[in-house]
Amino acid sequence: MKVLVPVKRVLDYNIKARVKADGSGVETAGFKMSINPFDEIAVEEAVRLKEKGVVTEIVAVSIGEAKAQDTLRTAMAMGADRSILVETDTVTEPLSVAKVLKALVEKEKPDLVILGKQAIDDDMNATGQMLAGLLGRPQATFASKVEVADGAVTVTREIDGGLQTVKLALPAIITADLRLNEPRYASLPNIMKARKKPLEKITPADLGVDMTPRLSVISVAEPPERKAGVKLDSAAELVSRLRNEAKVI
Amino acid sequence: MTVLVFLDHDDGVIRQASRSAIAAAAKLGDVDVLVTGADAAKAAAAIPGVKKVLQVTDTSGNSELAEPMAALLADLAGGYTHILAASSATSKNVLPRAAALLDVQPIPDIIAVNDADTFVRPIYAGSALATVKSADAKKVITVRASAFDPVPAEGGNAVIEEVALPAGPGGSTFISTELSQSERPELESARVVVSGGRGMQNEENFKLLDPLADRLGAAIGASRAAVDAGFVPNEYQVGQTGKIVAPELYIALGISGAIQHLAGMKDSRVIVAINKDPEAPIFQVADYGIVGDLFTVLPQLEAELDKAG
Ligand SMILES: Cc1cc2nc3c(=O)[nH]c(=O)nc-3n(C[C@H](O)[C@H](O)[C@H](O)COP(=O)(O)OP(=O)(O)OC[C@H]3O[C@@H](n4cnc5c(N)ncnc54)[C@H](O)[C@@H]3O)c2cc1C
Ligand SMILES: Nc1ncnc2c1ncn2[C@@H]1O[C@H](COP(=O)(O)O)[C@@H](O)[C@H]1O
């Protein structure tokens, strides 16, 4: 069984994003970039399925600038077998990414695509669902448990009031939530090995996909700043302030 | 322009967040709504400003699946300029899939409607607010409920029309849901939220928040660290990838204030932080802070609340 794992290169989650002075976007130049945390979880899940003998090949895919190669090397250091960089300088959005992935799915014919549930830069939470829609395939988003057996995958999903379980016939699309697993650290030997794993480069045009974004960014602004308030010495003072000053209790 | 709003409900009661989505939709045009089940349809018909209620008659597990629901939304989309829903696990499962069927790029989590094509949405865990303009003929939007005052639940009298759920592409089977039972108010619409973090130490200690929440009529939330450590179930998580809350009062105990947590609560009107580390970032957004051991402060706080009556 073959798994495709789309991985996005994003501003590292430890870095607080700063708005560019001209309001055109968020400053990323010079900051640490990493694999999107949810995609790391998706790669880990694929690797665990391979270690269990369920999966035979893991293909990582990234759509973006040439530097997204680093993200693909990270995925391969964790255990992906090979990767595909779909190189573009155009800003990616879930619809265009889903179209690229659809074309790759038709070419690679994976049994399972495991994506992250959300990219932590655009916070869209859409690509997996859109890919499933474009392909007309079953989907299980926000997965916290994945079990493959007999041509089907049973997925436990995190929903608003608790958990839901669905069963999907393969081929299917899954998006990973935070509690699906804890990703491993790539070991140094595996990082070295990853450098020699195959990395194919293509363009969206090779796949016949138009990347023109549908959403244009008019401006990006800082949210209203919250100011630090006062530190109080006692619970008594807190209750008094909440009652008489803030009037919330 | 007529707009379709997909509503969430709990046992036939339309969720407050969905009434906020109706408020956002009303800025765009006339509002029709789509909802599952007869009780919810009746409740939806009573919401002022709703013109027509489309009631999905199939209330089986199929109505819980994204595949048929997205197919239905795509079928209905012809009559509408915008399709909206409150941001929720359900809408985030269904709407992007429907958008793909319509060849539309969705616009998630809007906090403002500038005009029919232009919306404001947080990005990077709320560290920036992007104003985006859509070139799509139809818009598929989820609404951050905390940014729009909900319309009232009563006072309207809309017509109800039944719609059948299409089969969808198949391949997906609903097995079960396990919902946590709680007598407390819903996290996302509660007036007061009491949240605990890793500092609560364990599941047993986490229960110490109950008496405080009882006194304040509060919902209980948690940081990701508390959820990951198994102190509470996943649906308690507040933050970038959990629930977004904006109560009148948010009390954070033993939570450091990571950016991903702040993303889910920094629009609360009043924030209180109790943390033993004076440098904890949570204090940078807290209106009132107490530096101290939460296990000492918590009983004192309860005693003071009781005293004050
Ligand atoms: C992709 C991604 C998404 C994420 N999404 C979310 C999200 O949605 N929500 C979220 O919350 N996090 C999220 N996180 C995790 C986030 O980065 C932090 O790790 C998490 O919020 C930390 O939780 P915490 O504050 O409870 O724990 P810690 O950071 O460990 O803080 C514990 C705090 O408790 C204090 N403390 C300990 N003992 C006591 C005591 N006895 N009395 C008083 N104070 C005490 C300590 O001083 C400390 O400040 C996400 C992370 C990633 C990578
Ligand atoms: N440019 C990209 N390249 C590869 N994968 C992506 C890209 N954008 C999104 N994805 C995948 O889609 C998931 C959800 O992203 P989003 O819908 O943008 O929040 C991510 O976690 C990735 O798995």
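Procedures and definitions
- Residues numbered from 1 in each chain as written.
- Chains lettered and ligands numbered in written order.
- Predicted model: local features only at pLDDT ≥ 70, side-chain atom pairs only at ≥ 80, totals over all residues.
- Heavy atoms only, no water.
- Helix = DSSP H or I, 4+ residues; strand = E, 2+ residues; numbered from the N terminus.
- Rg over C-alpha atoms; globule rule 2.2 N^0.38 Å.
- Contact = heavy atoms within 4.5 Å.
- Areas by Shrake-Rupley, 256 points an atom, 1.4 Å probe, with all protein chains shown as cover.
- Lys, Arg positive; Asp, Glu negative; His and termini not counted.
- Charge placed at Lys NZ, Arg CZ, Asp CG, Glu CD.
- Salt bridge = Lys/Arg side-chain N within 4 Å of Asp/Glu carboxyl O.
- Buried < 20%, exposed > 50% of the residue type's maximum accessible area, 1.4 Å probe, protein only.
- Near = heavy atom within 4 Å.
- Polar contact = N/O pair within 3.5 Å; in protein donor to acceptor, adjacent residues only side chain to side chain.
- Nonpolar A, V, L, I, M, F, W, Y, C, P; charged D, E, K, R; others polar.
- Core = buried A, V, L, I, M, F, W, Y, C linked by side-chain atoms within 4.5 Å.
- Buried area = accessible area lost by both parts, 1.4 Å probe.
- UniProt positions renumbered as here; feature names shortened; annotations may be inferred.
- Phe/Tyr/Trp six-rings, centres within 6.5 Å; stacked < 30°, edge-to-face > 60°.
- Pairing = 2+ DSSP bridges.
- Axes fitted to C-alpha atoms, helices over the stretch in contact; angles between N-to-C directions.

When its secondary structure is counted, chain B shows 9 helices and 18 strands. Whereas a compact globule of 309 residues would reach a radius of gyration of roughly 19 Å, chain B reaches 21 Å, a difference of no more than 12%. If one aligns the C-alpha atoms of chain B with their principal axes, the spans along those axes are about 60 × 40 × 40 Å. Counted over contacts in chain B with a minimum sequence separation of 6, partners at least 24 positions apart contribute 64%. When the accessible surface of chain B is totalled, it reaches about 11600 Å², and 48% of it is carbon and sulfur. Averaging the positions of the 24 positive and the 38 negative side-chain charges in chain B gives two centres separated by 5 Å.

Taken as a whole, this structure holds 40 salt bridges over all chains when the rule is applied. The residue Glu108(A) makes a salt bridge to Arg82(A) at a minimum N-O spacing of 2.6 Å. Within this pair, whereas Glu108(A) is found in helix H3 (residues 94-108), its partner Arg82(A) is found in strand E7 (residues 82-87), the two being separated by 26 residues in sequence. As far as the burial class goes, Glu108(A) and Arg82(A) line up, both buried. Overlapping salt bridges, with partners in common, bring together Asp160(A), Asp8(B), Asp10(B), Arg15(B), Glu186(B) and Glu188(B) in one network.

All names here are of chain A. Not every one of the 20 residues close to ligand 2 is listed here, only the nearest: Asp39, Ile63, Ala119, Asn125 and Thr127. With respect to ligand 2, the side chain of aspartate 39 contributes an N or O atom lying 2.4 Å from an oxygen atom. A distance of 2.9 Å separates an oxygen atom of ligand 2 from a polar backbone atom of alanine 126. Coverage of ligand 2 by the protein chains reaches 99% of its 480 Å² of free accessible surface. Going through the elements one at a time, strand E6 (57-64), H3 and strand E8 (112-116) are the ones with two or more residues in the shell around ligand 2. The biggest single contributor to the shell around ligand 2 is E6, with 3 residues. Along the lines of polarity and charge, the residues of the shell around ligand 2 split into 10 nonpolar, 7 polar and 3 charged.

This next bit is on the nonpolar core. In terms of nonpolar packing, the biggest core is built from 94 residues, with Val5(B) and Leu34(B) touching the most fellow members. For this core, the element with the most residues is H3(A), which contributes 8 residues. Not counting chain neighbours up to four residues away, the residues in contact with Val5(B) comprise Ala21(B), Ile22(B), Ala25(B), Val31(B), Asp32(B), Val33(B), Leu34(B) and Leu84(B).

Glancing now at the site of ligand 1. Around ligand 1, a shell composed of 29 residues is seen, among which Arg198(B), Ser223(B), Thr241(B), Ser256(B) and Asn275(B) lie nearest. Neighbouring residues of ligand 1 are not confined to a single chain but are spread across chains A and B. Note that a nitrogen atom of ligand 1 is positioned 2.8 Å from one of the backbone N or O atoms of Leu294(B). For ligand 1, whose accessible area on its own is 980 Å², the fraction buried by protein is 86%.

Let's shift gears to the interface of chain A and chain B. Counting residues at the interface gives 78 residues for chain A, matched by 89 residues for chain B. Interface of chain A and chain B: buried area, both sides summed, is about 6700 Å²; carbon and sulfur atoms make up 55% of it. Per-residue buried area on chain A facing chain B is highest for Asp160(A), Arg214(A) and Arg226(A); these three make up 12% of the total on that side. For Lys99(A), the salt bridge identified is with Asp103(B), shortest N-O distance 2.8 Å. Across the chain A-chain B interface, the total number found is 47 residue pairs in polar contact (both at pLDDT 80 or more). At the level of secondary structure, the elements contributing two or more residues to the side of chain A that touches chain B comprise H3, helix H4 (127-135), strand E9 (139-149), strand E10 (152-159), strand E11 (162-169), strand E14 (215-221), strand E15 (230-232) and helix H6 (235-244) of chain A. No other element matches E11(A), which puts 8 residues into the side of chain A that touches chain B.

The next point concerns the UniProt feature "domain: Electron transfer flavoprotein alpha/beta-subunit N-terminal" (unreviewed entry) in chain B. Mapped onto this numbering, the UniProt entry annotates "domain: Electron transfer flavoprotein alpha/beta-subunit N-terminal" (unreviewed entry) at residues 3-178 of chain B. The annotated region residues 3-178 of chain B carries 24% helix and 36% strand content, and the separation between its end C-alpha atoms amounts to 33 Å.

Residues and elements named next belong to chain B. Throughout the structure, instances matching the rule amount to 1 aromatic pair over all chains. Measuring from ring centre to ring centre gives 6.4 Å for phenylalanine 206 and phenylalanine 231, while their planes differ by 50°; the resulting arrangement is tilted. Note that phenylalanine 206 is positioned in helix H5 (residues 203-206) and phenylalanine 231 in the loop between helix H7 (224-228) and strand E16 (249-253), a separation of 25 residues in sequence. For the pair formed by phenylalanine 206 and phenylalanine 231, the shared burial category is buried.

On to the sheet that holds strand E11 (residues 139-143) of chain B. All names here are of chain B. Taken in spatial order, the 7 strands line up as E7-E11-E6-E1-E4-E5-E12 in an open sheet, and their pairing is parallel. The sheet is open, and its two edges are formed by strand E7 (107-110) and strand E12 (159-163), each paired on a single side. Pairwise comparison of adjacent strand axes, ignoring direction, gives a mean angle of 25° for this sheet.

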